[in-house]
Amino acid sequence: MIDESQGMSGPLPVGPRSDGPREGIPTASAAALEVRNRQLARAAVEPAQRILVHRYRLAGPAAGFELLKQTSQRFNIKLHTLADAVVRIAGPDSGAVQWFPRRVRFVAPALPDLALQGAGAESHALVLRTALRRVLHVTETDMGNVQLAEHGMLRLEKHTGLNRHFTDFFAFVQDSTTLCAQAAQQRQQITVKDVESADIFDDESRHAILQAGSRAAHSLPLTSRGHVLGMISSHHERPLAGLSRTQLTALEKTGAAVGRWLHWHRHTVVLDALEHLHTTARNHR
């Protein structure tokens, strides 16, 4: 765990909560964020559409999108997650009836701290929602968010207690001027004790966090086999003295368990969806 609570010159005095832009700090407008997010969302799906059009000789990008949409709905997987898999995973052999002919399926790993059983233990949305609730319980706050690592970025997936500007601003995280990006790069928990004085943020990121009422934050990587598959961050209304060893240990256990589950989901449910997509496209062709 790394403590990024202060800059090189030591902690700065704690000022009052910022309820609006600080003078001289540029802030992204709602319209600009909407345009950026729409462009990034398209950029995450369009490469998959092109791959499918070329691989299955589809009529055009619209047919590729429809194939992605129908498959994502059938398997209850976000369309962007399925598109990421199409781009990331090597395609089937030419003329192959199956995409993954020798694949072995495994049961979902246990999530004892989340108390999920049966169908709930295989629901992507429910696991992430329950994992966020668990992290907020351990860190004793009611503000937080979940991000998934896709297309080389962190994409906001779940959130609670955070306002529209925050969720729009952090819908996609691509650079290292945020707490979650630093924790992902270093593959370890990071605590920011005081957002106002921590030098980990650039001005726009700092403002987006402060205006949401967050004065401290903690980011927990969701890891499996040395890779960061996602991130859960908690936000706190007041500066923190720091999390206890007991809290950090509990969070690390949760991060590892949810990371293993995400690895299973990617290599089981998502691959099931790709296999179905392949069969559907071959039959239609």
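Residues numbered from 1 in each chain as written. Predicted model: local features only at pLDDT ≥ 70, side-chain atom pairs only at ≥ 80, totals over all residues. Heavy atoms only, no water.

1. With respect to the nonpolar core
Piece 1. Ranked by size, the top nonpolar core spans 52 residues in total, and within it Leu-52, Leu-68, Leu-262 and Leu-274 carry the most contacts.
Piece 2. The element that contributes the greatest number of residues to this core is helix α8 (residues 245–267), accounting for eight residues.
Piece 3. Apart from the residues lying within four places of it in its own chain, the contact partners of Leu-52 are Arg-57, Leu-58, Gly-64, Leu-67, Leu-68, Val-86 and Leu-277.
Piece 4. Counting residues in each nonpolar core, the second largest holds 27 residues, with Phe-166, Phe-169, Phe-170 and Ala-198 among its members. (Core = buried A, V, L, I, M, F, W, Y, C linked by side-chain atoms within 4.5 Å. Buried < 20%, exposed > 50% of the residue type's maximum accessible area, 1.4 Å probe, protein only. Helix = DSSP H or I, 4+ residues; strand = E, 2+ residues; numbered from the N terminus. Contact = heavy atoms within 4.5 Å.)

2. Quick word on the packing of aromatic side chains
Piece 1. One pass over the full model with this rule turns up four aromatic pairs.
Piece 2. With 5.2 Å between their ring centres and 10 degrees between their planes, Trp-99 and Phe-100 make a pair best called stacked. Of the two residues, Trp-99 and Phe-100, neither departs from the other in class, the shared state being buried.
Piece 3. Where Phe-166 meets Phe-170, the ring centres are 4.7 Å apart and the plane angle is 45 degrees; that geometry is what we call tilted.
Piece 4. We classify Phe-166 as buried; its relative accessible area is 3%. (Phe/Tyr/Trp six-rings, centres within 6.5 Å; stacked < 30°, edge-to-face > 60°.)

3. Some thoughts on the pattern of salt bridges
Piece 1. Counting across every chain of the model gives 10 salt bridges.
Piece 2. Two residues, Asp-272 and Arg-103, come together in a salt bridge whose shortest N-O distance is 2.6 Å. In this pair, Asp-272 is assigned in helix α9 (residues 269–284) and Arg-103 in the loop between α3 (79–88) and α4 (124–139), connecting sequence segments 169 residues apart.
Piece 3. Assessed through its relative accessible area of 16%, Asp-272 is described here as buried. (Salt bridge = Lys/Arg side-chain N within 4 Å of Asp/Glu carboxyl O.)

4. Digging into the pairing of strand β2 (residues 143–150)
Piece 1. Summarising burial for β2: eight of the eight residues are buried, a large majority.
Piece 2. Of the two faces of β2, the one holding Met-143, Asn-145, Gln-147 and Ala-149 and the one holding Gly-144, Val-146, Leu-148 and Glu-150 are both buried throughout.
Piece 3. The pairing of β2 with strand β7 (residues 227–236) spans six bridges and is classified as antiparallel. Among the inter-strand pairings, Asn-145 is bridged to a residue of β7, identified as Ser-233.
Piece 4. By the bridge criterion, seven bridges tie β2 to strand β3 (residues 153–160) in an arrangement that is antiparallel. In the sheet register, Asn-145 faces β3, and the bridge partner there is His-159.
Piece 5. In this structure, the hairpin formed by β2 and β3 is closed by a connection of two residues, where His-151 is found at a positive phi of approximately 55 degrees. (Pairing = 2+ DSSP bridges.)

5. Observations concerning the packing of α8 against α9
Piece 1. It is at 3 Å that the axes of α8 and α9 come closest, and there the two elements cross at 10 degrees. On the basis of their axis angle, the class for α8 and α9 is roughly parallel. In this structure, α8 uses Trp-264, His-265, Arg-266 and His-267 to contact α9, whose residues at the interface are Val-269, Val-270 and Leu-271.
Piece 2. Of the residues that constitute the contact of α8 with α9, the class distribution is four nonpolar, two polar and one charged. (Axes fitted to C-alpha atoms, helices over the stretch in contact; angles between N-to-C directions. Parallel < 35°, antiparallel > 145°, perpendicular 65-115°, else oblique. Nonpolar A, V, L, I, M, F, W, Y, C, P; charged D, E, K, R; others polar.)

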